[in-house]
Amino acid sequence: MDNSVNDYYAYCDNNIIDWKQEAEAVIRDVAQHVRHISVSTDLPPTRTESFINITTLDGKQMCVKLNAEGLRIVGDMHDTKDEECSSNHRYETPYALLSVVSSYVNSFGNSLVSALSKLEQKTAQEEHLSDIE
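Residues numbered from 1 in each chain as written. Predicted model: local features only at pLDDT ≥ 70, side-chain atom pairs only at ≥ 80, totals over all residues. Heavy atoms only, no water.

## Focus on the environment of histidine 78
Relative to the assigned elements, histidine 78 resides in the loop between strand S4 (70–75) and helix H3 (94–101). As a C-alpha pair, histidine 78 and serine 40 span 38 residues in sequence and 7.5 Å in three-dimensional space. At 3.2 Å, the side chain of histidine 78 and the backbone oxygen of isoleucine 54 are in polar contact. (Helix = DSSP H or I, 4+ residues; strand = E, 2+ residues; numbered from the N terminus. Polar contact = N/O pair within 3.5 Å; in protein donor to acceptor, adjacent residues only side chain to side chain.)

What follows is the structure, given as structure tokens:
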């Protein structure tokens, strides 16, 4: 093995990254902005990577590899690794990936507007109550 590969495995071993836990964190982060997202059961996590099945709000299915290099689409269906589908493009965050392959930006924007509206209503109610007292 060349040094870069050895360094990569040494990094993973020394820092003990739990890739299933990392995948679950990604899932929690973006679940409201996709139709379906889960850790692949057919492609189990290893000490260096895990696979996430995603169906976008637009209905596009994909399998995404998550590892120390970031996220990369490796299949155009859940639970698949297809070298022909696989691109060399890596994304640093799930948001970057979703902004390219789905209507994530609209979904995120809508959830942000909704949260700000709720905050505005709450603030208005609190001001109204303080005026009464």
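Don't stop here, the text continues.
## Observations concerning H3
Owing to its 3.6 residues per turn, the α-helix brings residues three or four apart onto one side. When H3 is considered as a whole, its buried residues turn out to be Pro94, Leu97, Leu98 and Val101. Projection of H3 onto a plane perpendicular to its axis shows the buried side chains occupying an angular sector of 95°, all on one side. (Buried < 20%, exposed > 50% of the residue type's maximum accessible area, 1.4 Å probe, protein only. Arc of directions from axis to C-beta.)

## Here's the deal with the sheet that holds strand S1 (residues 36–39)
Spatially, S1-S2-S3-S4 is the arrangement adopted by the four strands of the open sheet, whose pairing is antiparallel. Among the strands making up the open sheet, the edge pair consists of S1 and S4. Each neighbouring strand pair of the sheet contributes to a mean axis angle of 30°, computed without reference to strand direction. Packed onto the sheet, helix H2 (residues 19–30) meets S1, strand S2 (49–55) and strand S3 (61–67) and runs at close to 25° relative to S2. Relative to S4, H3 is tilted by about 40°, and along the sheet it contacts S2, S3 and S4. (Pairing = 2+ DSSP bridges. Axes fitted to C-alpha atoms, helices over the stretch in contact; angles between N-to-C directions. Contact = heavy atoms within 4.5 Å.)

## Re the pattern of salt bridges
Any two side chains of opposite charge can pair, on the condition that their charged atoms come close. Considering all chains together, one arrives at two salt bridges under this definition. One salt bridge connects glutamate 49 with lysine 65, and the closest N-O pair in it is separated by 3.3 Å. In this pair, glutamate 49 is assigned in strand S2 and lysine 65 in strand S3, connecting sequence segments 16 residues apart. The residues glutamate 49 and lysine 65 share a single accessibility class, namely buried. Note that arginine 90 is salt-bridged to glutamate 69, the shortest N-O span being 2.8 Å. (Salt bridge = Lys/Arg side-chain N within 4 Å of Asp/Glu carboxyl O.)

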